[in-house]
Amino acid sequence: MSRLAILCGGGGLPVALHAAAPEAYPVVFEGVTHSMPGGVATHRFEKMGALFAALKAEGVTQVVMAGGLGRPALDPTEFDAGMMAIAPRLLPALKGGDDAVLRLIIAIFEEQGFEVVGAHEIMPELCAEEGLIAGPTPSEEALSDASRAADILLALAPVDVGQGAVVAAGLCLGIETLQGTDALLGFVSQTPDKLRRAKGVFLKAPKRGQDLRVDMPAVGPDTVLSAAKAGVEGIVVAAGRVVIVERSQTLAALEDTGLFLLGRTI
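Residues numbered from 1 in each chain as written. Predicted model: local features only at pLDDT ≥ 70, side-chain atom pairs only at ≥ 80, totals over all residues. Heavy atoms only, no water.

Okay, the packing of helix α3 (residues 81-93) against helix α4 (residues 98-111) next. Put simply, α3 and α4 touch, their axes get as near as 9 Å, and they point 160 degrees apart. Taken together, the axes of α3 and α4 lie roughly antiparallel to each other. α3 and α4 meet at a crossing whose hand is left-handed. When α3 is examined against α4, the residues I86, R89, L90 and A93 are found in contact with a partner set consisting of V101, L104, I108 and E111. Each residue belonging to the contact of α3 with α4 can be placed in one class, and the counts come to 6 nonpolar, no polar and 2 charged. (Axes fitted to C-alpha atoms, helices over the stretch in contact; angles between N-to-C directions. Helix = DSSP H or I, 4+ residues; strand = E, 2+ residues; numbered from the N terminus. Parallel < 35°, antiparallel > 145°, perpendicular 65-115°, else oblique. Left-handed = near helix turned anticlockwise from the far one by under 90°. Contact = heavy atoms within 4.5 Å. Nonpolar A, V, L, I, M, F, W, Y, C, P; charged D, E, K, R; others polar.)

Here it is in structure tokens:
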């Protein structure tokens with residue numbers, strides 16, 4: 001009998017997945033901030049051999065990675081045999097972009113006999129649909145800014161930078177980097193009025209060629225609140241390729257802030 005394991009990072013996505021698949025085996029890693037309730041298995045990044053053994057003992061055949069895990073500080077003196085075997089490939093990859101790391105992680109789990117699946121495959125209803133999801137109809141200027149932001153992200157895809165950008169009146173106010181969405185929107189919120197000719201939009205989309213099984217972009221209520229503080233007119237996401245976590249709370253936050261949320265083919 002097959003079983004799903006959820007490798008849980010931060011945010012509401014792992015919680016939603018576990019609610020949808022309560023029979024799944026949830027795993028959290030030491031040092032990773034998460035919102036999972038009790039009854040989860042705790043493992044260390046240095047003990048990947050022990051993790052693989054535990055997954056197999058639990059009858060796990062599928063693995064989904066959900067939420068932000070970050071880049072752990074690893075202690076090589078604590079590596080078990082399983083981690084020692086993959087370290088020569090993993091450690092150099094950790095010095096590169098996210099895509100290279102995640103592709104390698106997928107390959108490692110597949111080598112162990114696990115099928116890696118995406119959160120959107122387990123809960124398709126999480127994906128943002130095309131069209132206006134909530135809020136007022138975007139202005140033509142906002143739609144133009146969204147197109148400009150998409151062009152910027154597509155141009156940056158080869159250098160594996162980020163999944164978000166803010167553009168106002170055609171000018172780029174910020175690009176998401178390793179620090180994440182909140183850092184980007186916090187930076188944009190500090191933009192002086194003299195440099196800002198319009199509210200602009202925040203665009204969230206996967207990088208070109210990104211494997212959505214392990215790094216699907218997400219927006220939620222906290223994203224909406226941060227976007228509101230950044231002063232944007234609304235949020236545009238790649239339809240079918242960005243998940244909306246805590247949808248009811250997200251829609252409530254959009255109503256409270258007056259921002260729009262639009263799904264668009266990018």
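We are not done yet, so read on.
Let us look at the state of the cysteines. Per the stated rule, a full pass over the model turns up 0 disulfides. Here C8 stays free of any disulfide, with the sulfur of C127 as its closest cysteine sulfur at 19 Å. Residue class for C8 comes out buried when judged on its relative accessible area of 0%. (Disulfide = S-S within 2.5 Å. Buried < 20%, exposed > 50% of the residue type's maximum accessible area, 1.4 Å probe, protein only.)

If you walk across this open sheet you meet the 5 strands as β3-β2-β1-β4-β5, and the pairing is parallel. Each having just a single partner strand, β3 (41-43) and β5 (115-117) make up the two edges of the open sheet. The average undirected angle you get between the axes of adjacent strands in this sheet is 30 degrees. The sheet strands contacting helix α2 (residues 48-57) are β1 (4-8), β2 (25-29), β3 and β4 (62-66), and the helix crosses β2 at an angle near 170 degrees. (Pairing = 2+ DSSP bridges.)

Locating G234 in the fold gives a position in strand β11 (residues 234-238). In this structure, the C-alpha to C-alpha distance between G234 and R148, residues 86 residues apart in sequence, is 15 Å. G234 has contacts with G200, V201, F202, L259 and F260, leaving out every residue within four places of it along the chain.

A word on empty space enclosed by the protein. Tallying each qualifying case throughout the model produces 1 cavity of 30 Å³ or more. In this structure, the largest cavity is lined by D99, L102, R103, G209, Q210, D211 and V214. (1 Å grid on protein atoms, 1.4 Å probe; cavity = no way out; pocket = protein on both sides within 12 Å on 5 of 7 lines; lining within 4 Å. Points joined across faces, edges and corners; volume = space filled by probe spheres on them.)

An order of β6-β13-β11-β9-β7-β8 is seen for the 6 strands of this open sheet, with the pairing classed as mixed. For this open sheet the edge positions go to β6 (131-134) and β8 (171-175), each flanked by a neighbour on one side alone. Taking the axes of each pair of neighbouring strands and ignoring which way they run, one obtains an average angle of 25 degrees across the sheet. Pairing of strand β7 (residues 164-168) with β8 involves 4 bridges; the strand directions are antiparallel. Considered in β8, the bridge of A165 is made with I175. On top of the sheet, helix α6 (residues 140-156) reaches β7, β8, β9 (201-204), β11 and β13 (260-264); it is set at about 140 degrees to β7, its chief contact.

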